[in-house]
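# Chains, contacts and geometry: an overview
Letter by letter, the chains look like this.
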Amino acid sequence: MAQIYIETHGCQMNEADSQDIRQRALAAGFTLAERPDDASVLVLNTCTVRDNAEQRAYGRIAHWKAVKDADPSVKVIVTGCLAEQDKDRMRTIVPHVDGVFGTRELGALGDALAGWRAEYPDDDFSVDREIETVMGGEGVGIAGPYDALRGFVTVQRGCSYYCTFCIVPHVRGRFDHRPMREILDEVRAKAAGGAREITLVGQTVNAYKEPATGADFADLLEAVCALEDVERVSFISSHPKDLNEKLAHVCATLPKMNPRFHLALQSGSNPMLRKMNRKYTIEQFLERIATFKAHNPSWAMTTDLIVGFPGETEEDFQKTIDVCATGIFAQAYMFVYSPRRGTPAAVWHAANAVPHDVAQDRFVRLKAVQDEAVRAYHERKVGTTVRALIHGVSRKDRTRLSAKTVDNVTVNFPMVETEADPSRPWVDVRVEGASVWGVRGTCVGRAARYDGAADPVAPPLVDLLAV
Ligand code: SF4
């Protein structure tokens, strides 16, 4: 049976690439496996942003050796940033890997899949082609009927900014922007295939420049939102340097935009920002957010932060705490600095590392401050009814469904269906409680479109079962 298992680690760039691989695999006649043990081809889409991501990828590759040992016809494929970084090394240290495809070689991977497909001739290819299977990709290969609701479209590859801690320019190369026509074609295809929310992804997505015309990211957003079938639009991740008034203005004029802006700050300290080569000061960062918020007052701002960067003093760290304590971030992804081979910061780390326990302590303190801001943001939703796009069954509690609001807040509520109904993927949830992870409540309606009227829903199934 020609089944492929795709596991995705890392960021939404990888999620977009995995959607691409999935499409190529389906076109080649594969179906999607839910477990590695069921598959003839195993694909690991890797991340190298931090050392533990790299270790996890190698752990997974080692784990899959057992699958291959049990059935030598199984093929193990590695793609993503680790494939770029360790292409040559990998052939020696994990020789059971059958193919290593860089982030710009997905076409070649598709060709290889088409070639391998002939090795598994025991099923009906014409039937496979019609199967509309979807598969989730957040590090596990769980198939979900709602996964096709979200379409990720890569607008650019690589990055030319060379932040001193970052491996991306080294493994993915410099900016390579896709032609706008190609992006719009892909958006159209994803929307026609059922995607209700299109996320434009790039390492520095708002630096986008159309190669032929020079059109910028604001122009791209206008063109995407103008497509009739597109319902909601989001983008990630942005660089403060490329946040200008035009983009702020355009976001305010496009009702299809999801009101969430992810703008990576990294540190609140100017000496650290300079050392990181971030190209802005904290004053400029705050000024740009203020300009953006003047145009878009209801948008949620989210960010990334690093603690324990080489040479970070307590005073530097306190500046980051101070920014978070203002409550401007509805969410922050916080990390303890992790050295990446070949970057300038890795050299500084070797000479002047912040001691591990100090970095950990700072992380805990920063998290406590930022968690308060997140909780406060979520608590403001209590007592309101929010509209959210279903994700699927909650991973932690199989009796609940999980959804995301357009400002990217997780909403959890008791099950309201016996069978998945992707034709009405928008839920209205009366919010009854808030935590740092998100909000919980009761589903009171379901709608076919984000801007459509909701049908009332029956009481939650768990309540019915309880009586
Ligand atoms: S802008 Fe982002 S992707 Fe580019 S080098 Fe800096 S951290 Fe890496």
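Predicted model only: the values in this text are computed from it and were never measured.

Reading the values: the criteria
- Residues numbered from 1 in each chain as written.
- Predicted model: local features only at pLDDT ≥ 70, side-chain atom pairs only at ≥ 80, totals over all residues.
- Helix = DSSP H or I, 4+ residues; strand = E, 2+ residues; numbered from the N terminus.
- Rg over C-alpha atoms; globule rule 2.2 N^0.38 Å.
- Buried ≥ 20, exposed ≤ 12 C-beta atoms within 10 Å, placed from the backbone.
- pLDDT = per-residue confidence, 0-100.
- Contact = placed C-beta atoms within 7 Å.
- Expected span 1.5 Å × (residues − 1).
- Arc of directions from axis to C-beta.
- Pairing = 2+ DSSP bridges.
- Axes fitted to C-alpha atoms, helices over the stretch in contact; angles between N-to-C directions.
- Core = buried A, V, L, I, M, F, W, Y, C linked by C-beta atoms within 7 Å.
- Near = placed C-beta within 6 Å.
- Nonpolar A, V, L, I, M, F, W, Y, C, P; charged D, E, K, R; others polar.
- Domains from an automatic or database assignment.
- Parallel < 35°, antiparallel > 145°, perpendicular 65-115°, else oblique.
- Left-handed = near helix turned anticlockwise from the far one by under 90°.

### Describing the overall build of the protein
When helices and strands are tallied, the protein shows 15 helices and 19 strands. Taking 23 Å as the expected radius of gyration for a compact globule of 467 residues, we find that the protein reaches 23 Å, a close match to that expectation. Seen through its C-alpha atoms, the protein measures out along the principal axes to roughly 65 × 60 × 50 Å. Per-residue burial for the protein yields a buried fraction of 44% across its 467 residues.

### As for the confidence of the model for the protein
Confidence in the prediction for the protein averages 90 pLDDT; 93% of positions are at 70 or higher. Low pLDDT, under 50, characterises residues 123-143; the stretch is placed with 44 contacts to residues that sit more than four places away or in other chains.

### Some thoughts on helix H2 (residues 51-70)
For H2, spanning 20 residues, the distance from its first C-alpha to its last is 30 Å, which sits close to the expected 28 Å at 1.5 Å a residue. Along H2, the residues classified as buried are Glu-54, Ala-57, Ile-61 and Trp-64. Down the axis of H2, the buried set is contained in an arc of 85°. They therefore lie on one face. More than 90 degrees from the buried face of H2, the exposed residues found are Asp-51, Gln-55, Gly-59, Ala-62, His-63, Ala-66, Asp-69 and Ala-70.

### Digging into the sheet that holds strand E10 (residues 232-236)
One open sheet holds the three strands; their spatial order is E6-E9-E10, and the pairing between them is parallel. A single partner strand is all that each edge strand has here, and the edge strands are strand E6 (150-154) and E10. Strand-to-strand twist of the sheet, defined as the mean angle between neighbouring strand axes without regard to direction, takes the value 25°. Along the sheet face, helix H1 (residues 12-28) touches E6, strand E9 (197-201) and E10 and points at about 100° away from the line of E6.

### Notes on the nonpolar core
Core analysis: the biggest nonpolar cluster contains 81 residues, and Val-153 and Val-201 have the highest contact counts within it. Ignoring anything within four residues of it in the chain, the contact list for Val-153 reads Ala-16, Ile-183, Glu-186, Val-187, Lys-190, Ile-198, Leu-200 and Val-201. One finds Val-78, Cys-81, Leu-109 and Val-168 within the second-largest nonpolar core, a separate group that totals 35 residues.

### Regarding the pairing of E6
Each regular strand shows side chains that alternate between the opposite faces of the sheet. Burial runs high along E6: five of the five residues are buried. Residues Arg-150, Phe-152 and Thr-154 line one face of E6 and the alternating positions Gly-151 and Val-153 line the opposite face, and both faces are buried. Summarising the sheet, E6 and E9 pair through five bridges and their orientation is parallel. Counted as the bridge partner of Gly-151 is Ile-198 from E9.

### Notes on the site of the ligand
Around the ligand sit Cys-159, Tyr-161, Tyr-162, Cys-163, Cys-166, Val-168, Pro-169, Gln-203, Thr-204 and His-239, and that is every residue in its neighbourhood. When its residues are assigned to classes, the shell around the ligand shows seven nonpolar, three polar and no charged.

### Looking at the domain arrangement of the protein
The assigned domain composition of the protein is domain 1 (3-130), domain 2 (147-379) and domain 3 (385-466). A separation of 28 Å is found between the C-alpha centroids of domain 2 and domain 3. Opposite the 16 residues of domain 2 that make contact, domain 3 presents 14 residues. If one sorts the elements of the side of domain 2 that touches domain 3 by residue count, helix H14 (residues 356-379) sits on top with five residues. Residue composition of the side of domain 2 that touches domain 3, grouped by class: five nonpolar, three polar and eight charged.

### Here's the deal with helix H3 (residues 81-93)
When the terminal C-alpha atoms of H3 are compared, their 17 Å separation across 13 residues agrees well with the 18 Å that a helix rising 1.5 Å per residue should span. The secondary structure elements touched by the buried residues of H3 are strand E3 (41-46), H2, strand E4 (75-80), strand E5 (99-101) and helix H6 (168-172).

### So, the environment of Pro-310
With respect to the helices and strands, the residue Pro-310 is situated in the loop between strand E12 (300-307) and helix H12 (314-325). Taking the C-alpha atoms as reference points, Pro-310 and Thr-164, separated by 146 residues in sequence, lie 11 Å from one another. Every residue in contact with Pro-310, bar those within four places of it in the chain, is listed here: Ala-345, Trp-348, His-349, Asn-352, Ala-353 and Val-354.

### A short note on the packing of H12 against H14
Close contact between H12 and H14 brings their axes to 9 Å; oriented N to C, the two are set at 15°. In terms of their interaxial angle, H12 and H14 are classed as roughly parallel. With respect to the hand of their crossing, H12 and H14 are arranged in right-handed fashion. Seen from H12, the contacting residues are Phe-317, Thr-320, Ile-321, Cys-324 and Ala-325; seen from H14, they are Arg-362, Arg-365, Leu-366, Val-369, Gln-370 and Ala-373. Here the residues of the contact of H12 with H14 are counted per class, giving seven nonpolar, two polar and two charged.

### Looking at the packing of H1 against helix H4 (residues 106-117)
Across the interface, H1 lies against H4 with an axial gap of 9 Å and an inter-helix angle of 30°. Here H1 is positioned roughly parallel relative to H4, judged by the angle of their axes. Our pair here, H1 against H4, has a crossing hand that is right-handed. Facing Asp-17, Asp-20, Ile-21, Arg-24, Ala-25 and Ala-28 of H1, the residues of H4 in contact are Leu-106, Leu-109, Gly-110, Leu-113, Ala-114 and Arg-117.

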